[in-house]
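Chain and residue survey
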Amino acid sequence: MKNEIKEYKEYILEQAKDPETDKKELAEKLLVRIGFYQHERLIHLIVTMSFGVFFLLSLILAFSNAYFLALSALLLILLVPYIAHYYFLENSTQELYKVYYSLTEEK
């Protein structure tokens, strides 16, 4: 997903600089793609929040059983990349909003 977003962002910025490009049509295509990325972002938010809740629950239960401490460590190891990926999705989507606004000349 990271490569797809990066490549699309480069493509859309190239097209936006081209004076012969129809800005309205490009903005419409970009808006559709932003919708896909918003859906991806929502799914990753749900997964990240779920892992965060599971991590906190297992950390609380670790006081009663040592196995939960191992589970907490495993969930933390998985949670960190989920947060990093969600951070990337959020920032990339925000950047695409800015490109869309520049194409439609909105503020």
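Residues numbered from 1 in each chain as written. Predicted model: local features only at pLDDT ≥ 70, side-chain atom pairs only at ≥ 80, totals over all residues. Heavy atoms only, no water.

**Here's the deal with the overall build of the chain**
Keep this limit in mind: Helix and strand definitions follow DSSP, with helices as H or I runs of at least four residues and strands as E runs of at least two, each counted in order from the N terminus. In this setup the radius of gyration rests on C-alpha atoms only. A globule is expected at 2.2 Å times the number of residues raised to 0.38. Shrake-Rupley sampling with a 1.4 Å probe provides the accessible areas, and residues are treated as covered by the protein chains on show and by no other component. Charged residues are defined narrowly, with Lys and Arg counted positive, Asp and Glu counted negative, and His plus the chain ends left uncounted. Charge placement uses NZ in Lys and CZ in Arg. For Asp and Glu, CG and CD serve respectively.
Check the secondary structure of the chain and you find three helices and zero strands. Mapped in sequence order, the helices and strands of the chain form the string α-α-α. A compact globule built from 107 residues should have a C-alpha radius of gyration of about 13 Å, whereas the chain, at 19 Å, is more than 25% larger. Each of the three principal axes of the chain carries a C-alpha extent, and together these read 65 × 20 × 20 Å. Counting every atom, the chain has about 7,600 Å² of accessible surface; 65% of that belongs to carbon and sulfur. Side-chain charges of the chain comprise 11 positive and 14 negative groups, with the mean position of each set lying 5 Å from the other.

**What about the packing of helix 2 (residues 23–61) against helix 3 (residues 66–104)?**
Definition in use: Lines fitted to C-alpha atoms define the axes here, with helix axes fitted over just the stretch in contact, and angles between the N-to-C directions of these axes take values from 0 to 180 degrees. Angles below 35 degrees are treated as roughly parallel, those above 145 as roughly antiparallel, those between 65 and 115 as roughly perpendicular, and all remaining angles as oblique. A crossing counts as left-handed when the near helix is turned anticlockwise from the far one by less than a right angle, and as right-handed when that turn is clockwise. For this classification, the nonpolar set comprises Ala, Val, Leu, Ile, Met, Phe, Trp, Tyr, Cys and Pro, the charged set comprises Asp, Glu, Lys and Arg, and every other residue, Gly included, is treated as polar.
Direction vectors running N to C along helix 2 and helix 3 enclose 160°, while the axes themselves pass 8 Å from each other. Taken together, the axis directions place helix 2 and helix 3 in an arrangement best described as roughly antiparallel. Both helix 2 and helix 3 take part in a crossing whose hand is left-handed. Residues that form the contact of helix 2 with helix 3 fall into these classes: 28 nonpolar, 10 polar and four charged.

**So, the packing of aromatic side chains**
Basically, it comes down to this: Only the six-membered ring of Trp is used, alongside the rings of Phe and Tyr, when aromatic pairs are assigned; centres must lie within 6.5 Å, and planes under 30 degrees apart are stacked while those over 60 apart are edge-to-face, with the rest tilted. The cut-offs for exposure are 20% and 50% of the maximum accessible area for each residue type, with area from a 1.4 Å probe on protein chains only; residues under the lower value are buried, those over the upper are exposed, and the others partly exposed.
Following the criterion strictly, the structure yields three aromatic pairs and no others. Relative to Tyr11, the ring of Tyr8 has its centre 6.0 Å away and its plane inclined at 40°; by these criteria the two rings are tilted. A residue pair is termed a helical-turn pair when its members lie 3 or 4 positions apart in one helix, as Tyr8 and Tyr11 do in helix 1 (residues 2–17) at three residues. By relative accessible area, which is 8% here, Tyr8 ends up buried. On the basis of relative accessibility, which here comes to 40%, the residue Tyr11 falls in the partly exposed class.

**Some points on helix 2**
A turn of α-helix holds 3.6 residues, and therefore any two residues three or four places apart point the same way. To be explicit about the condition: Expected span of a helix: the number of residues minus one, times 1.5 Å. By definition in these notes, contact holds between two residues if any of their heavy atoms fall within 4.5 Å.
Helix length check: helix 2 (39 residues) gives 55 Å between terminal C-alpha atoms against 57 Å at 1.5 Å per residue, within 8%. All of the buried residues in helix 2 are Leu26, Ala27, Leu30, Ile34, Tyr37, Arg41, His44, Thr48, Phe51, Gly52, Phe55 and Ser58. In this fold, the buried residues of helix 2 make contact with helix 1 and helix 3.

**Here we look at the environment of Tyr97**
One can find Tyr97 in helix 3. In this structure, the C-alpha to C-alpha distance between Tyr97 and Leu31, residues 66 residues apart in sequence, is 8.5 Å. Not counting residues up to four positions away in its chain, the partners in contact with Tyr97 are Ile34, Gln38 and Arg41.

**A short note on the packing of helix 1 against helix 3**
If you want to describe how two helices pack, look at the angle between their axes and the distance between the axes. Running from amino to carboxyl end, helix 1 crosses helix 3 at an angle of 15°, the nearest separation of the two axes being 11 Å. Judged by the angle between their axes, helix 1 and helix 3 are roughly parallel. The element helix 1 and its partner helix 3 pack so that their crossing is left-handed. Each of Lys2, Ile5, Lys6, Lys9, Ile12, Leu13 and Ala16 in helix 1 lies in contact with helix 3, whose residues at this interface are His85, Phe88, Leu89, Ser92, Glu95, Leu96, Val99 and Leu103. Of the residues assigned to the contact of helix 1 with helix 3, the class counts are nine nonpolar, two polar and four charged.

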